[in-house]
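# Overview (structure and organization)
Each chain is listed here by its residues.
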Amino acid sequence: MHTHRTPSPLHSADGSPLRVLVIDDEPDVTEVLSGALGGEGWEVRSAADGASALAAAGTFRPHAVVLDWMLPDIDGLQVLHLLRKELKTVCVLFLTARDAVEDRIAGITAGGDDYVTKPFSLEEVLARLRGLLRRAGMAHEPDGDQLVAGDLVMDEEAREVVRGGELIELSRTEFELLRFLMRNPRRVLSKAQILDRVWSYDFGGRAHVVELYISYLRKKIDAGRTPMIHTVRGVGYVLKPEPA
């Protein structure tokens, strides 16, 4: 049984776990996504091609689908079209390696709700899915789009962070790192966990990049204030709303 580690876990309107279907022909992608989505307390199924995805969708009835643009049998757009026939209200998040704006527009025009380009961070995919499901009215989360830790407030939709009433400018990576810390308050997160969730799934980076970005965040979040981001020697980092 999954334990919810987020401050306000998303669940469907009737209280049951959200169901997500991951469609991608790269096993490492489906593995990391399934693990992260399962960690949210959601039910996850995966499929490696369009035909098996459509068969799974009919029985699993997902609330959301993470759909790779390039599949070995049926084009992602065609899968989307067929999914929409079967499941009128399903939320669809495209995964695409294509950076061309026209491709993204084609995906959205065809009925996709949002897209993430590969390589992606797990936090980015989870955040996009949470947003889609909330806006579609399929998911309920008591605290809405805001994460709160003491006088630190993050508006996920507006991508704004405020501490003590002061707006703090963050880069994309700083924002994703802070989001992960704020979704796990008082929980010590190892450098490996942070790398896995905040950086691209195929980043293969070193732990020193985490130290570097923690120091960037501290300068912006903690400078001249009571520190919230603490180092646990030999383990990792923890965000505590009150003094340690």
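Residues numbered from 1 in each chain as written. Predicted model: local features only at pLDDT ≥ 70, side-chain atom pairs only at ≥ 80, totals over all residues. Heavy atoms only, no water.

Turning our attention to the UniProt feature "modified residue: 4-aspartylphosphate" (unreviewed entry) in the protein chain. Per the UniProt annotation, the sites labelled "modified residue: 4-aspartylphosphate" (unreviewed entry) are D68. Counting through the fold element by element, D68 comes out in strand β4 (residues 64–68). With relative accessibility at 5%, the residue D68 sits in the buried group. Setting aside chain neighbours within four positions, we find D68 in contact with I23, D24, D25, G76, L95 and K118. (UniProt positions renumbered as here; feature names shortened; annotations may be inferred. Helix = DSSP H or I, 4+ residues; strand = E, 2+ residues; numbered from the N terminus. Buried < 20%, exposed > 50% of the residue type's maximum accessible area, 1.4 Å probe, protein only. Contact = heavy atoms within 4.5 Å.)

All right, on to the side chain of H230 then. Topologically, H230 is positioned in strand β13 (residues 229–232). Residue classification places H230 among the buried positions, given a relative accessible area of 15%. Among the polar contacts made by the side chain of H230, one reaches the main-chain carbonyl oxygen of P227 at a distance of 3.3 Å. (Polar contact = N/O pair within 3.5 Å; in protein donor to acceptor, adjacent residues only side chain to side chain.)

Right, let's get into unusual backbone geometry. K118 connects to P119 through a cis peptide bond whose omega is -5°. Looking at the element boundaries, P119 is found in the loop between β6 (114–117) and α5 (122–135). Notably, R61 is not glycine yet its phi reads approximately 50°, a positive angle. Structurally, R61 can be placed in the loop between α2 (50–60) and β4. In this model, R186 sits at a positive phi of 65°, which is unusual for a non-glycine residue. The residue R186 is located in the loop between α6 (172–182) and β12 (189–190) in this model.

Of the two faces of strand β10 (residues 160–163), the one holding V161 and R163 is buried and the one holding E160 and V162 is not buried anywhere. Sheet analysis places strand β9 (residues 152–155) next to β10, joined by four bridges and oriented antiparallel. If you follow M154 over to β10, its bridge partner there is V161. Between the antiparallel neighbours β9 and β10 lie four residues, among them R159 with a positive phi of about 55°. Taken together, the three bridges between β10 and strand β11 (residues 166–168) define a ladder with antiparallel strand orientation. By the bridge assignment, R163 is partnered in β11 with E166. In sequence, β10 turns back onto β11 through a hairpin of two residues, with G164 there showing a positive phi of about 60°. (Pairing = 2+ DSSP bridges.)

Within this structure, the stated rule accounts for three aromatic pairs. A centroid spacing of 5.0 Å and a plane angle of 45° characterise the contact between W69 and F94, whose relative ring orientation is tilted. Residue W69 is found in the loop between β4 and α3 (76–86), and its partner F94 is found in strand β5 (residues 91–96); the two are separated by 25 residues along the sequence. Both rings, one in W199 and one in Y213, keep their centres 5.5 Å apart while their planes meet at 75°; by these two values the pair is edge-to-face. Of this pair, W199 sits in the loop between α7 (191–198) and α8 (208–221) while Y213 sits in helix α8; the two residues are 14 residues apart in sequence, bridging distant segments of the chain. (Phe/Tyr/Trp six-rings, centres within 6.5 Å; stacked < 30°, edge-to-face > 60°.)

It is worth spelling out the pattern of salt bridges at this point. Considering all chains together, one arrives at 22 salt bridges under this definition. Two residues, R197 and E40, come together in a salt bridge whose shortest N-O distance is 3.9 Å. Here R197, found in helix α7, pairs with E40, found in the loop between α1 (27–39) and β3 (43–47); they are 157 residues apart in sequence, far enough to count as distant. Grouping residues by exposure puts R197 and E40 together as buried. Here E174 ties to K220 by a salt bridge, and the two come within 2.8 Å at their closest N and O atoms. (Salt bridge = Lys/Arg side-chain N within 4 Å of Asp/Glu carboxyl O.)

This next bit is on the sheet that holds β5. If you trace the five strands from one edge of the open sheet to the other, you get β3-β2-β4-β5-β6, paired in parallel fashion. Edge positions in the sheet fall to β3 and β6, since each has one partner strand and no second. Each strand of the sheet is rotated relative to its neighbour by a mean of 20°, with strand direction disregarded. Where β5 and β6 come together, four bridges link them in parallel fashion. Note on β6: the bridge partner recorded for T96 is T117. Taken strand by strand, α1 contacts β2 (19–23), β3, β4 and β5, and its axis lies near 170° from that of β3. (Axes fitted to C-alpha atoms, helices over the stretch in contact; angles between N-to-C directions.)

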